[in-house]
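# A closer look at the structure
Chain by chain, the residues run as shown.
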Amino acid sequence: MEDGDGGSHKFAPFASELDWRIARWAVQEGIGHKSFDRLMAIPGVSTGMSLNFVGAFDNVLWLSYHNVRGLHKMVDSIPPHAKCKTRELWYKSDPDNKHIIHYRDPKEVISALLGNPAHAKDIVYCPRKIFTDSSKMTRIYNEMWTGEWWNTVQGATLAPVIITTDKTQLMQYSGNKTAYPVYMTLGNLPRSLRRGPSQHACVLVAYLSVSKSVGQELTKKHKSAHIQQIFHDSMHFILEPLKEAGKHGIEVVFGDGYVRRVYPILTCYVADYPEQCLVMCAKYGTCPKCMASENDLGKSEASRRRAHNFQDRCKQHLISGAVTQPFWDGFPLCNTHLSITPDILHQLYQGKGWSELSQVSGKERKDMARILLGCLISKAPSQVVLCYRAILDFVYIAQYPSHDDNTLHYLDYALKLFHDNKHILTDPNLVPVREHLNIPKFHTMLHYAQVIRDFRTTDNYNIEMFERFHIDCAKEGWRASNFRDEVPQMVQWLARQEKGPKMGISISKRPSALNQPLASVQSKHYCPLFSHHLIHYLNQFLNCSQGQAIPRSQLHSTQLPFNNISVWHAFKFRRDTLGNDIDGSQEFNAVKAKPRRGIDALDYKVNSLTTIPLLI
């Protein structure tokens, strides 16, 4: 579409493609505010100079913004896929301290994830059972839809929700600046998409409060209980919309253009052990999945599963009684204790043999595990070596990208081998490694095989995957702030980063259909109200202050000043749906909208990008 001066508005709210490209460059590259303002002050860059002065320059950028404030105002005018909101929590017992959470509506996040056209061909709507051969005797487990949970629960189109919470340090070496992000992804998406930051299949849902002001007069025990209550109240407020949506469903326009009713179900909760105890209201030192006490963690068998009715006799059931109603109470088709997943990084690599080390990365711990067994040969009794070999076998088998019933048997065998020989580690007649092995990390190994059967392989819900998103969703945003009241700045920075790739479209130089009558366009593309909406769209670009814009009450009788338009049947665009990583690569999605023959008005396929033709 062109205005009377020949200027293009396909990059609106920017005046031109150059206007948009410079804005995207400034946002994505993190150009400093003062540096950008100095750039804008160069004669000939912005429109702030007089015509007589600028006319002396051959190459004039003629930008529509004069400084970084004007640039940010234009970027912020682009509507987000899921708007960020703010909520304050305060308590009568501590009225002086407020706890602020920044969050997005999880239903909007789910709609954005499922509505991404780039993932339309990859989304899975129903579970599957995969076998190794035609005899169907041996099951294969890899993606979530191959697990037992989805096959058991499926009764309609599900959106298995995967949540993770993980507090992270914002400062690299020293300081106490922290962030508390909450991430969300869906089991409908393949693990290869969910694990890649540039795929935008895992998104930030909220920043929880990290305030340590919980009442100076409270005892240490009461402060801990109050922090636990703040966490559950915050998560309750953020995820509460999913309870009603899980019962009655929500209508979502998918990336393929179809409208489907989906039922979001809280399926997996990914966290490290302290976070698991916080989420499940479990006593620290016990198992958050079963009823094993702190004195039973060294046994070779798991205890019975925990139940939801934890309020009664909390201490007898090894449950923290600080929270009377956890945030997960009331989620449909959800057993939250079952949803707790293993954590390869913290449970299997950290703390087993080198717990005294600090500032060691996950990769360095994995490298140490590769040489550990060789270091023990001829330096420890053979039974000790056998214990460590069994643990290492378990660690590596647990990380298989695909499992079947046979590999899970190998996993159970490695664990049994460890339990059969572990007594040498506590033998008082030798030099004991420990007095006992009632360690939560050893106990959680008992649950791995069943979790893999229920929710697929561990590479999909390992917390190490989500820790990668801390760089893009927390640390980079914090570095871009002024370090004072940084969370609102981090939210705004992330929102601008998400809008960068979707500013603008790419079309061919020549239209697919030249000078088509409006009536023909409306008939062939089955959009009878196209002229009406086009009038409203064009009117928003007229200047209201100069009396050019037509009042809304008169638009119904307004006629377009032209009868013919040129139509494109395809265009390319780059759309970042709540992305977490802006890598700058030029990846585009294609949309095609060819005129239909034999229009069927009852067709329920809906796609706003294809039913309204692109015109000039």
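Criteria and thresholds
Residues numbered from 1 in each chain as written. Predicted model: local features only at pLDDT ≥ 70, side-chain atom pairs only at ≥ 80, totals over all residues. Heavy atoms only, no water. Helix = DSSP H or I, 4+ residues; strand = E, 2+ residues; numbered from the N terminus. Buried < 20%, exposed > 50% of the residue type's maximum accessible area, 1.4 Å probe, protein only. Areas by Shrake-Rupley, 256 points an atom, 1.4 Å probe, with all protein chains shown as cover. Pairing = 2+ DSSP bridges. Polar contact = N/O pair within 3.5 Å; in protein donor to acceptor, adjacent residues only side chain to side chain. Contact = heavy atoms within 4.5 Å. Salt bridge = Lys/Arg side-chain N within 4 Å of Asp/Glu carboxyl O. Arc of directions from axis to C-beta. Phe/Tyr/Trp six-rings, centres within 6.5 Å; stacked < 30°, edge-to-face > 60°. pLDDT = per-residue confidence, 0-100. Core = buried A, V, L, I, M, F, W, Y, C linked by side-chain atoms within 4.5 Å. Lys, Arg positive; Asp, Glu negative; His and termini not counted. Axes fitted to C-alpha atoms, helices over the stretch in contact; angles between N-to-C directions. Parallel < 35°, antiparallel > 145°, perpendicular 65-115°, else oblique. Nonpolar A, V, L, I, M, F, W, Y, C, P; charged D, E, K, R; others polar. Left-handed = near helix turned anticlockwise from the far one by under 90°.

Further remarks concern the overall build of the chain. Scanning the chain for helices and strands turns up 22 helices and 18 strands. Here the chain holds 616 residues, and 48% of them are scored as buried. Surface accessibility of the chain: about 31500 Å² in total, with carbon and sulfur atoms responsible for 52%.

Taken in spatial order, the 3 strands of this open sheet run β3-β4-β12, and their pairing is antiparallel. Each edge of the open sheet is held by one strand with a lone partner, namely β3 (130–131) and β12 (403–404). As paired strands, β3 and strand β4 (residues 139–141) are joined by 2 bridges and run antiparallel to one another. Opposite Phe131, over in β4, you have Arg139 as the bridge partner.

Within the secondary structure layout, Asn460 lies in the loop between α16 (448–455) and α17 (463–467). By relative accessible area, which is 0% here, Asn460 ends up buried. A distance of 3.1 Å separates polar atoms of two side chains, one belonging to Asn460 and the other to Thr457. In this structure, Asn460 is in contact with Asn142, Glu143, Arg191, Arg194 and Met465, ignoring residues within four places of it in sequence.

Now for the pattern of salt bridges. Using the criterion set out here, one finds 18 salt bridges in the structure. The partner of Glu143 in a salt bridge is Arg191, with the nearest N and O atoms 3.5 Å apart. Taken together, the residues Glu143 in the loop between β4 and α6 (148–153) and Arg191 in helix α7 (residues 191–194) connect sequence positions 48 residues apart. On the basis of relative accessible area, Arg191 is assigned to the buried category, the value being 16%. In this structure, Lys416 engages Asp420 in a salt bridge whose closest nitrogen and oxygen atoms are separated by 2.9 Å.

This brings us to helix α21 (residues 530–539). Among all positions of α21, only Phe530, Ser531, Leu534, Ile535 and Asn539 are buried. Along α21, the residues classed as buried sweep out an arc of 160 degrees about the axis, all on the same side.

Scanning the entire structure with this criterion turns up 14 aromatic pairs. Ring centres of Tyr103 and Phe237 lie 5.2 Å apart, and the angle between their planes is 85 degrees; this geometry places the pair in the edge-to-face category. Residue Tyr103 is found in strand β2 (residues 94–104), and its partner Phe237 is found in helix α8 (residues 220–248); the two are separated by 134 residues along the sequence. You can call Phe237 partly exposed: its relative accessible area is 26%.

Scored by pLDDT, the chain has a mean of 80; 82% of the residues are at 70 or more. Considering only residues more than four positions removed or in separate chains, one finds that residues 1–8, a stretch of pLDDT under 50, has 12 contacts. Counted against residues more than four places away or in other chains, residues 575–586, with its pLDDT under 50, gives 51 contacts.

As a further point, take the nonpolar core. Ranked by size, the top nonpolar core spans 62 residues in total, and within it Leu348, Phe394, Leu411, Phe418, Phe455 and Phe466 carry the most contacts. Residue contributions to this core peak at 9 residues, all from helix α13 (residues 382–398). By size, the runner-up hydrophobic cluster in this structure holds 44 residues, among which are Leu113, Leu114, Phe231 and Ile238.

Its place among the elements puts Arg456 in the loop between α16 and α17. Among buried Asp, Glu, Lys and Arg side chains, Arg456 stands out as unpaired, with Glu143 the closest opposite charge at 5.7 Å. Not counting chain neighbours up to four residues away, the residues in contact with Arg456 comprise Asn142, Glu143, Met144, Thr146, Ile162, Arg194, Cys268, Val451 and Tyr461.

Another aspect to go through is the environment of Glu301. Topologically, Glu301 is positioned in the loop between α9 (273–280) and α10 (336–339). A relative accessible area of 64% means that Glu301 is categorised as exposed. The spacing of Glu301 and His419 is 118 residues in sequence and 9.8 Å in space, taken between C-alpha atoms.

Attention now moves to the packing of helix α2 (residues 33–40) against helix α4 (residues 68–76). Relative orientation of the contacting elements α2 and α4 amounts to 105 degrees, with a least axis distance of 9 Å. As summarised for this structure, α2 and α4 are arranged roughly perpendicular, according to the angle between their axes. On α4, the residues that touch His33, Phe36 and Asp37 of α2 are Val68, Leu71 and His72. Grouping the amino acids of the contact of α2 with α4 by side-chain chemistry returns 3 nonpolar, 2 polar and 1 charged.

One open sheet accounts for 7 strands, arranged β1-β2-β9-β8-β5-β11-β10; its pairing is mixed. With one partner strand each, in any of the chains shown, β1 (84–91) and β10 (250–253) form the two edges of the open sheet. For this sheet, the mean angle separating the axes of adjacent strands, direction not counted, is 35 degrees. Strand direction decides the pairing type here: β2 and strand β9 (residues 203–207), joined by 2 bridges, are antiparallel. Following the sheet pairing, His102 is matched in β9 by Tyr207.

Strand residues, when the strand is regular, have side chains that alternate between the two faces of the sheet. Here β1 runs beside β2; their pairing, made up of 7 bridges, is antiparallel. Bridge assignment links Lys85 to a residue of β2, and that residue is Tyr103. Taken together, β1 and the strand that follows it, β2, pair antiparallel across an intervening segment of 2 residues.

Further remarks concern unusual backbone geometry. For Leu333, which is not glycine, the phi torsion reads 55 degrees and is therefore positive. Considering the arrangement of structural elements, one finds Leu333 in the loop between α9 and α10. Looking at Leu333, the relative accessible area reads 54%, which means it is exposed. Residue Arg456 is not a glycine yet carries a positive backbone phi of 85 degrees.

Closest axis-to-axis distance for the helix α14 (residues 405–421)/α16 pair is 10 Å, and the angle between their directions is 160 degrees. With respect to each other, α14 and α16 are oriented roughly antiparallel. As for the relative orientation of α14 and α16, their crossing is right-handed in sense. Facing Leu408, Leu411 and Asp412 of α14, the residues of α16 in contact are Tyr448, Ala449, Ile452 and Arg453. Looking at the contact of α14 with α16 residue by residue, the class counts come to 5 nonpolar, no polar and 2 charged.

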